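Each chain, written out:
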Amino acid sequence: MKIVVVGTGYVGLVTGACLAEVGTEVICVDVNVQKIENLKKGILPIYEPGLDELVERNFKKGRLHFCTSLDDAIVGAQVVFIAVGTPPGEDGSADLQYVLQVADTVGKHMNGYIVVVTKSTVPVGTAGKVKETIAKALKERNADIDFDVASNPEFLKEGAAVDDFLKPDRIVIGVESLRAKNLLHTLYDPFVLNGHPILFMDIPSAEMTKYAANAMLATKISFMNDIANLCELVGANVNEVRKGIGSDPRIGTKFIYPGIGYGGSCFPKDVKALIKTAEQNKYNLRILSAVDDVNNDQKKVLVRKILKHYNNDLKGKTFSVWGLAFKPKTDDMREAPSLTIIDELLKAGAKVQAYDPASMHEAKHLFNGSVSLCEDAIKATESADAIILVTEWPEFRLPDWETIIENMKEHVIFDGRNIYNPDEMKEKGFIYYGIGIR
Ligand code: NAD
C-alpha cells in the first residue's frame, strides 16, 4: 500500500514513520525545504523519544521517503493523510488554509482512487470542505476519478508520541463509504493487535471527538487549578485533596495535577476553536470559556507569588528557570507557561538564567539573547536569588541540592508543578512556594 503523509511536524512525521514501521511504503511531504533536506540526512525537526531510530531504520530500509512535491508523491497513492497545521485564526477559529491547499493539490494531481484522510485537528464540516475542494479541482481538469474523504483525528501525546501511535488506546475513524472503511481497517489493524478498538463512526462525530477529548482534558486541568487556588485561601493542601478525589474511579488520578496552566500547540487553540464553533452555531459553551479564563490566569500564578515575595520589586534579582518546554519529554515551547512567566520577569527588571533538557535550540531562537541559557540546571542556579520550577522533567526531581545551595545567593523556590516535598525543602533551608498549598 502506498501512503502519502502531508506535513512532517509532530503528527505527520510520527504517522509516517509508524506506518512505514509496519511495512507500508510512505512518502512524507512538506513545503519546508530545509526540513525535508535535513530529514534525508537523518536530522529530525523535533525532539520526540524513539522517533529518530524509527525514522532512520525505515529510511534506510527504503520504506520511508521524504520530498517537497505533493504533485509527484500523490501519483499512485491509495491513502493520503493531511497532517498540516491548523493554527488559530484571528478570531480563534481553526485556520484551514493549509488543509484546503493540500486538498486542492490532491485534486489536481491524483490519478486513481484515493482516500483523503484528515489527521489535523479540524472543526466539524472540514472533511466536507476537503471533499468539495478536491471535486472542484477534478472538475477543472475534466477528470472523473473516484475518491473518499475520512476523518482520523490524532490522539498522540508529545513526549510519548511513538508509543501512542504504535499502541493506541483507540483509533477513531469517520467514514462515509465501505470502501474507505475497509482500506483504513487494513491499514490500522497492525496497531490494534493489543485488542484496543478502532471506532468507526460518521465523519462529523469523528471530527467532534477530537475537540471533545481535548476540551475534557483541559477542563480537568483548569478545574483542579481553580480548586488549588481555593485550597490556598482556606488552608487546605491540594496535594492531599488530589489524592482524596483521584481514588474515586469516576474521577480518576490522571490530569488532576494542579500547576501553572496548560500550554502546547493543542489545548489552548482547540479550546478556543471549539468555543468559536459553538458561537457560530449560536451556542454558548460556558464551561469551556471558564476553562480558558482560568488557564490564562493560572499561567501568571507563579509571577503573582514571586511579586508578593519580593514586595513587587524584582529589579536586580536573578531567577533560575528550570524547564521551558510546555511539558516534559518534548522540545515544543508553543504556548508554554514559561514564555508568560519569563516575559513578566524580564518586564519587571529581573535577570533570567534558564535551562531545559530538550528545547534550548528553540529557546535560543525565541529569547534572542534576553535570557541567559545555561548548559544544565545546576549552572542555572549560579548567583540566583530563586529557582522557578516550570516544567517537571524527571532530572529536576533529585538534583544535587548541596551544590545548588552553595551556588545560590538566596534560597527560595517557586515550584510550579508541586514536585518537591515542602517540608524537605524547608529543612534544606529553602523558602518554598507550591501551588494550592499554604
Ligand atoms: P507542526 O506545526 O509541527 O507541523 C505542521 C507541518 O506541516 C509543518 O512542517 C509545515 O511546514 C507543514 N505544512 C504546512 N502546510 C503544508 C502544505 N501545504 N504542504 C505540506 N506541508 C505543509 O504541527 P503538528 O503539531 O504536527 O500538528 C499538525 C496538526 O495535528 C494540527 O492540526 C494539530 O492540532 C494536530 N495535532 C497535533 C498534536 C500534537 O501533539 N502536536 C496532537 C494531535 C493532533
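Residues numbered from 1 in each chain as written. Predicted model: local features only at pLDDT ≥ 70, side-chain atom pairs only at ≥ 80, totals over all residues. Heavy atoms only, no water.

## Topic: the environment of valine 301
For valine 301, the position within the fold is in helix H13 (residues 301-309). Separated by 91 residues in sequence, valine 301 and glutamate 392 place their C-alpha atoms 16 Å apart. For valine 301, the contacting residues outside a window of four places in its chain are Asn229, Gly259, Ile260 and Ile435. (Helix = DSSP H or I, 4+ residues; strand = E, 2+ residues; numbered from the N terminus. Contact = heavy atoms within 4.5 Å.)

## Some details on the packing of helix H1 (residues 10-21) against helix H3 (residues 51-60)
With their axes 9 Å apart at the nearest point, H1 and H3 run at an angle of 55 degrees to one another. As judged from the angle between their axes, H1 and H3 are oblique. Considering how the two elements wind past one another, H1 and H3 form a crossing that is left-handed. Seen from H1, the contacting residues are Leu13, Val14, Ala17, Cys18, Ala20 and Glu21; seen from H3, they are Leu51, Leu54, Val55, Arg57 and Asn58. (Axes fitted to C-alpha atoms, helices over the stretch in contact; angles between N-to-C directions. Parallel < 35°, antiparallel > 145°, perpendicular 65-115°, else oblique. Left-handed = near helix turned anticlockwise from the far one by under 90°.)

## A look at the site of the ligand
Neighbouring the ligand are 27 residues, the closest being Asp30, Lys35, Thr86, Glu158 and Lys269. Note that an oxygen atom of the ligand is positioned 2.6 Å from one of the side-chain N or O atoms of aspartate 30. At a separation of 2.6 Å, an oxygen atom of the ligand approaches a polar side-chain atom of lysine 269. Starting from 840 Å² of accessible surface for the ligand in isolation, the protein chains cover 88%. Listed by contribution, the elements that provide at least two residues to the shell around the ligand are H1 and helix H5 (97-109). Sort the elements by how many residues they give to the shell around the ligand and H5 lands first, with three residues. The class makeup of the residues in the shell around the ligand is ten nonpolar, ten polar and seven charged. (Near = heavy atom within 4 Å. Polar contact = N/O pair within 3.5 Å; in protein donor to acceptor, adjacent residues only side chain to side chain. Areas by Shrake-Rupley, 256 points an atom, 1.4 Å probe, with all protein chains shown as cover. Nonpolar A, V, L, I, M, F, W, Y, C, P; charged D, E, K, R; others polar.)

## Observations regarding unusual backbone geometry
Residues other than glycine seldom take positive phi values, yet lysine 282 does so here, at roughly 55 degrees. Inspection of the secondary structure assignment puts lysine 282 in the loop between helix H11 (267-280) and helix H12 (286-298). On the basis of relative accessible area, lysine 282 is assigned to the exposed category, the value being 79%. With a phi close to 60 degrees, serine 383 is a non-glycine residue in the positive phi region. The residue serine 383 is located in the loop between strand E11 (372-373) and strand E12 (386-389) in this model. (Buried < 20%, exposed > 50% of the residue type's maximum accessible area, 1.4 Å probe, protein only.)

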